[in-house]
Structures are given as structure tokens and as C-alpha cells.
Amino acid sequence: MIRLQEDFYSKNDKMYVATDCIIFGFDEGKLKLLIFRRRVEPLKNSWSLIGSFVRLEEDVDQAAKRVLTEITGLENVFMEELRSYGKAERDPGFRSISIGQYALIRLDEYDKELVKKHGAHWYEIDKLPELVLDHNQMVEDALERLKRKARYKPIGFELLPEKFTIPQLQQLYEAIYQKELDARNFRKKVLSLNVLVKLDEKDKSTSRRGAFLYKFDHENYQELLESGYDFKIA
């Protein structure tokens, strides 16, 4: 029986399984993506998403988390599987499929020296250079997923610092949706969700009067989510 199994597996074609990470960040009102220069042939030195082949002892999601930690130093961040990319000709190096994973990280938390060491760079999402293979498609798919997710779940809070202002939150959602939102309606809507805690602190970096800081109420969010609350924001 074992011999038959060995023959079955050995006589079939082999291919690699990779995972590519679409790593989003938010800084100075801009949605950004972390990319680097590809280090191997073919297409060496072309701009690329950051990824890796999946090791034999790894689950795919474990491989993606390893990649993220190796590049940014971060663990326990929001990451979600996007979909598989498996066109036969997608990688001229060898037959392979890739499982796209998108992640949201706070730019005030990642290890800047580690990112620099790996030669990675942050690019504004609307100023990206051409990427290798099918990585442009992965980014487009991840953006669409992010837009859909952000419309019904407060996923955007994963990109903000722990304390933030309502205008900063609006800038983030405008960057995700890639359109302007009415300030009065946005403020009214997000405060009605009951997932923000107003602090006795102000951000005075943009005006003398300043804007009150808020933080995300994770506990209340979970309770409302379990009750079936609709978090539609825009």
C-alpha cells in the first residue's frame, strides 16, 4: 500500500506553493504599500510584493506570518487570506501558485531598521511602480477586498495609531475608498457606531484649538458584532 502511494505521488508533476503579502500602511493621510526589489532571477531587481515559498513544515498562513515578522518585526497584526493565483505561466522561473495575503499595520509600530535592512520601501498606493508577475492584480484585488470590508466592519482602525482624531479617521477612509467624504455626515455616522471612546486629550498639531483624540473600543465592538449590529460607515 505504501509503495502504491509513493508511486502515485512520485509520478505526478511538482510545483511550488508561495505566499505573497500585500502589506498596507497609513501615513500622512495616504494609504501606502510595502514593496521591495526582487532578489532572484528571473526579473531580479524588479519591484515586487514581499513573499516566500511555503516550507514543507508550514501551513500557508504560518508562512505569511513569518514573512511579515521577518520584514516588519510585527506579530499579531490583522492579516487575511485573499485568494490563490495559479495561472500556468504566472512565474517564468518555475511552475508555481501563490496564495495572496493582505495585512494592515500601523506605521508607528513596525521596525524601521528591519524594513530598511531588507531594502523595502513604502509607496503611496496611487504612485506604485510596475510590479512583477501578477502582483499588480494582487494589489487591485486586495484594495477591492479592503474597500468592501471597511464598508461594513471597522477594519480601518487596524491602520491607525492607538489614539486618533475624527479627521484622521476620515482621511483614512477617504484613502481606502479613494473619494472625498462629507465631514459632518462622516462624524455623525462614526460616533453613532458606539465603538469610539473620547479621551480628555487633544491633538494640536494642525490647529491651536486642537481636535479631541479617540480610541477604538474593542470590547464594545465585539458585543455589538455578536448582536448583529450593522457597522456600515460609508
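These figures come from a predicted structure and were not determined experimentally.

### Observations concerning the overall build of the protein
Then, in step 1: The helix and strand inventory of the protein stands at seven helices and nine strands.
Then, in step 2: Seen through its C-alpha atoms, the protein measures out along the principal axes to roughly 75 × 40 × 30 Å.
Then, in step 3: Looking at the protein as a whole, 42% of its 234 residues are labelled buried.
Then, in step 4: Accessible area for the protein stands at about 14000 Å²; split by element, carbon and sulfur atoms hold 47% of it.
Then, in step 5: Across the protein, the centroid of the 40 positively charged side chains sits 4 Å from that of the 41 negatively charged ones.

### As for the UniProt feature "domain: Nudix hydrolase" (unreviewed entry) in the protein
Then, in step 1: Under the local residue numbering, the UniProt record ascribes the feature "domain: Nudix hydrolase" (unreviewed entry) to residues 14–147.
Then, in step 2: With 24% helix and 36% strand, residues 14–147 has end C-alpha atoms that lie 36 Å from one another.

### Digging into the nonpolar core
Then, in step 1: The biggest cluster of nonpolar side chains holds 45 residues, and the ones touching the most others in it are Ile-22, Phe-24, Tyr-102 and Leu-169.
Then, in step 2: For this core, the element with the most residues is helix 5 (residues 166–177), which contributes seven residues.
Then, in step 3: Contact partners of Leu-169, with chain neighbours within four places excluded, come to Phe-157, Leu-160, Phe-164, Phe-186, Val-190 and Leu-196.
Then, in step 4: If you look at the next biggest cluster of nonpolar residues, it comprises 17 residues, including Ile-50, Leu-68, Leu-107 and Val-115.

### Re the packing of helix 5 against helix 6 (residues 183–192)
Then, in step 1: Two numbers describe how helix 5 lies on helix 6: the axes approach to 10 Å, and their chain directions differ by 105°. Classified by the angle their axes make, helix 5 and helix 6 are roughly perpendicular. Taking contact as the criterion, the partners of Ile-166, Leu-169, Gln-170 and Tyr-173 in helix 5 are, on helix 6, Ala-183, Phe-186, Arg-187, Val-190 and Leu-191.
Then, in step 2: Of the residues contributing to the contact of helix 5 with helix 6, the split by class is seven nonpolar, one polar and one charged.

Criteria and cut-off values
- Residues numbered from 1 in each chain as written.
- Predicted model: local features only at pLDDT ≥ 70, side-chain atom pairs only at ≥ 80, totals over all residues.
- Heavy atoms only, no water.
- Helix = DSSP H or I, 4+ residues; strand = E, 2+ residues; numbered from the N terminus.
- Buried < 20%, exposed > 50% of the residue type's maximum accessible area, 1.4 Å probe, protein only.
- Areas by Shrake-Rupley, 256 points an atom, 1.4 Å probe, with all protein chains shown as cover.
- Lys, Arg positive; Asp, Glu negative; His and termini not counted.
- Charge placed at Lys NZ, Arg CZ, Asp CG, Glu CD.
- UniProt positions renumbered as here; feature names shortened; annotations may be inferred.
- Core = buried A, V, L, I, M, F, W, Y, C linked by side-chain atoms within 4.5 Å.
- Contact = heavy atoms within 4.5 Å.
- Axes fitted to C-alpha atoms, helices over the stretch in contact; angles between N-to-C directions.
- Parallel < 35°, antiparallel > 145°, perpendicular 65-115°, else oblique.
- Nonpolar A, V, L, I, M, F, W, Y, C, P; charged D, E, K, R; others polar.

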